[in-house]
Amino acid sequence: MNTSRRILLAGMAGLAVAPTAVAAAPAPMVDDVTVAEERFARMIAAAHAPDITCAREAERYAHAHWPEYLLAARAVLDARV
C-alpha cells in the first residue's frame, strides 16, 4: 500500500472516532505515549493537514499538531484489540 493511501485511510479512521474520543476525554497527556500511539497520531494529523498536496507541509503540520490527534489514535488502536 503506498504512503498516500495509508495516510488517507488513517485520516478517515481518525475522523470516524475523533468526535467521540474528543467528547469522552479532556486534553491528552503526552507524557506516557507509546511509540505506536505517537506514530498513528502523527499519521492522522498529516492526513488532516490543511494543504495535503505538499508532503513536507503535511509533515510539519503533523509534527506541530500530533498531540491533538492522540485521543483519536488511541481510540483506533484500542478498537483493534
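Residues numbered from 1 in each chain as written. Predicted model: local features only at pLDDT ≥ 70, side-chain atom pairs only at ≥ 80, totals over all residues. Heavy atoms only, no water.

### Side note on the confidence of the model for the protein
Inference 1: Here the protein averages 73 in pLDDT, and 59% of its residues register 70 or above.
Inference 2: Ranking the elements of the protein by mean pLDDT puts helix α1 (residues 3-24) last with 56 and helix α2 (residues 35-47) first with 88. (pLDDT = per-residue confidence, 0-100. Helix = DSSP H or I, 4+ residues; strand = E, 2+ residues; numbered from the N terminus.)

### Looking at the nonpolar core
Inference 1: Core analysis: the biggest nonpolar cluster contains 16 residues, and Phe40, Ala41, Ile44, Tyr69 and Ala73 have the highest contact counts within it.
Inference 2: Elements that contribute at least two residues to this core include exactly α2, α3 (55-65) and α4 (70-80). (Core = buried A, V, L, I, M, F, W, Y, C linked by side-chain atoms within 4.5 Å. Buried < 20%, exposed > 50% of the residue type's maximum accessible area, 1.4 Å probe, protein only.)

### Side note on the pattern of salt bridges
Inference 1: Using the criterion set out here, one finds four salt bridges in the structure.
Inference 2: Across the salt bridge formed by glutamate 38 and arginine 42, the nearest N and O atoms sit 3.0 Å from each other. Linking glutamate 38 with arginine 42, this pair stays in helix α2, spanning four residues, or about one helical turn.
Inference 3: Using a relative accessible area of 23% as the deciding quantity, one classes arginine 42 as partly exposed. (Salt bridge = Lys/Arg side-chain N within 4 Å of Asp/Glu carboxyl O.)

### What to know about α2
Inference 1: With 13 residues, α2 should reach 18 Å at 1.5 Å per residue; the first-to-last C-alpha distance of 18 Å fits that figure.
Inference 2: For α2, the complete set of buried residues consists of Glu37, Phe40, Ala41, Ile44, Ala45 and Ala46. (Expected span 1.5 Å × (residues − 1).)

### Observations concerning the packing of α2 against α3
Inference 1: Contact geometry for α2 and α3: axes closest at 8 Å, N-to-C directions at 130 degrees. Judged on the interaxial angle alone, α3 and α2 are oblique. Between α2 and α3 the crossing geometry is right-handed. Between α2 and α3, the contacting residues are Arg42, Ala45 and Ala46 on the first element and Ala58, Tyr61, Ala62, His63 and His65 on the second. (Axes fitted to C-alpha atoms, helices over the stretch in contact; angles between N-to-C directions. Parallel < 35°, antiparallel > 145°, perpendicular 65-115°, else oblique. Left-handed = near helix turned anticlockwise from the far one by under 90°. Contact = heavy atoms within 4.5 Å.)

### Digging into the environment of isoleucine 44
Inference 1: Structurally, isoleucine 44 is set in helix α2.
Inference 2: Residue classification places isoleucine 44 among the buried positions, given a relative accessible area of 0%.
Inference 3: Spatially, the C-alpha atoms of isoleucine 44 and leucine 70 are 8.9 Å apart, while their sequence positions differ by 26 residues.

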